[in-house]
Amino acid sequence: MNIAIDGPAGAGKSSIAKLVAKKLSFVYIDTGAMYRTMAYYFLKHGIDIKEEKAVAEHCGEIEIRIAYENGDQQIFLNEENVSREIRSEEVGNQASVVAAYGAVREKLVALQRQMAASTDVIMDGRDIGTVVLPGAELKIYLTASSAVRANRRYKELQEKGVDCDRKKIEEDIILRDKQDMNREISPLKQAEDAVYLDSSDMTIDEVVQEIITLAKGRSV
């Protein structure tokens, strides 16, 4: 069984998907981390991500592998564990840019489909239900207001001791929404058969339980 969760940046897709996967004994695949890994490689090697041709030329140099250690997903870039490095705000913003490029999407979508074909997975991203796994048994479009998403991210960074500005975080979220929804290739949108779920006024546990209930209703 495949479960697809799409939605804008900061909607809590990854946190929710991880919890649902654990309760249903599914494999969780964080596609956002894969795009972040691509962006991190380009940044690290001084490749201008605004130059699509240059990005495409270097895609062949990148190998991404996902593994699980003590139940936690670890992502490897050319066999280097970059799970921590890819979580910066800068990498996140850059990932939204490179995700619009055909060469990047082609490389990662093939890998994502390969993973989903062999086991029960829950996958989150921007175009999982519309492009990557159009045949998924359950599709969720998870969202929340930009203010709520910014506040969640602000608290998360504060807890990690990272100095940040709430207003700037919301501005970045709104910009990423615009980029994701208006890109030519695989824009962020709700699949026609997806369940719309606004988590603005819901707790994490409430969202998790709602998805589990829906999943049990779709299982065969």
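The structure under discussion appears in the preceding block.
Residues numbered from 1 in each chain as written. Predicted model: local features only at pLDDT ≥ 70, side-chain atom pairs only at ≥ 80, totals over all residues. Heavy atoms only, no water.

Peer 1: How should I be thinking about the nonpolar core in this particular structure?
Peer 2: A general trend in soluble globular proteins is that nonpolar side chains are found buried together. The biggest cluster of nonpolar side chains holds 37 residues, and the ones touching the most others in it are M38, F42, I75, V104 and M123. Those elements giving two or more residues to this core turn out to be α2 (31-44), β3 (64-69), β4 (72-77), α4 (89-98), α5 (102-118), β6 (121-125) and α6 (128-132). Not counting residues up to four positions away in its chain, the partners in contact with I75 are A33, M34, T37, I64, R65, I66, E80, N81, V82, S83 and I86. Of all hydrophobic cores here, the second largest spans 20 residues; its members include Y28, I122, V207 and A215. (Core = buried A, V, L, I, M, F, W, Y, C linked by side-chain atoms within 4.5 Å. Buried < 20%, exposed > 50% of the residue type's maximum accessible area, 1.4 Å probe, protein only. Helix = DSSP H or I, 4+ residues; strand = E, 2+ residues; numbered from the N terminus. Contact = heavy atoms within 4.5 Å.)

Peer 1: Before we go on, may I ask you to explain unusual backbone geometry in this structure?
Peer 2: Excluding glycine, most residues fall at negative phi; most peptide bonds, likewise, are trans. Positive phi is not limited to glycine here, since S25 has a value of about 60°. Take S25: it is sitting in the loop between α1 (13-24) and β2 (27-30). At N78, a position not held by glycine, the phi torsion is positive, near 50°. Within the secondary structure layout, N78 lies in the loop between β4 and β5 (80-81). Overall, the relative accessible area of 36% leaves N78 in the partly exposed class.

Peer 1: Looking at this model, I keep getting lost on the sheet that holds β5. Mind explaining?
Peer 2: Across a sheet, strands are paired by hydrogen bonds formed along the backbone, either parallel or antiparallel in direction. Strand order in the open sheet formed by three strands is β3-β4-β5, and the pairing between neighbours is antiparallel. On the outer flanks of this sheet lie β3 and β5, each paired with one strand and no other. Pairing between β4 and β5: two bridges, direction antiparallel. Paired with F76 across the two strands is N81, which belongs to β5. Taken strand by strand, α2 contacts β3, β4 and β5, and its axis lies near 35° from that of β4. (Pairing = 2+ DSSP bridges. Axes fitted to C-alpha atoms, helices over the stretch in contact; angles between N-to-C directions.)

Peer 1: Hey, could you run me through the sheet that holds strand β8 (residues 195-198) in this one?
Peer 2: An order of β2-β6-β1-β7-β8 is seen for the five strands of this open sheet, with the pairing classed as parallel. Since the sheet does not close on itself, it has two edges, and those belong to β2 and β8, each with one partner. Shown here is a sheet whose adjacent strand axes are inclined to one another by a mean of 20°, direction ignored. Here four bridges tie β2 to β6, and the two strands are oriented parallel to one another. Looking at β6, one finds that V27 is bridged to V121. Relative to the sheet, α1 contacts β1 (2-6), β2, β6 and β7 (138-143), its axis offset from that of β6 by approximately 175°. The sheet contacts of α5 involve β1, β2 and β6, and relative to β6 the element is tilted by about 155°.

Peer 1: Hey, could you run me through the packing of aromatic side chains in this one?
Peer 2: Remark: the centre distance and the inter-plane angle together describe each pair of aromatic rings, the angle taken between the planes. The full count for this structure, using the stated rule, is two aromatic pairs. Judged by centre distance (6.0 Å) and plane angle (80°), the rings of Y41 and F42 are edge-to-face. Using a relative accessible area of 6% as the deciding quantity, one classes Y41 as buried. Accessibility expressed as a relative area gives 0% for F42, which makes it buried. A ring pair is formed by Y141 and Y196, whose centres lie 6.0 Å apart and whose planes are at 15°; its orientation type is stacked. With a gap of 55 residues between them, Y141 in strand β7 and Y196 in strand β8 connect regions that are remote in the sequence. Since its relative accessible area comes to 47%, Y196 is described here as partly exposed. Here the basic side chain of R65 rests over the ring of F76, its NZ or CZ set 4.3 Å away from the ring centre. When the ring centre of Y154 is taken as origin, the NZ or CZ atom of R166, which lies over that ring, is 4.1 Å away. (Phe/Tyr/Trp six-rings, centres within 6.5 Å; stacked < 30°, edge-to-face > 60°. Lys NZ or Arg CZ within 6 Å of the ring centre and 35° of its normal.)

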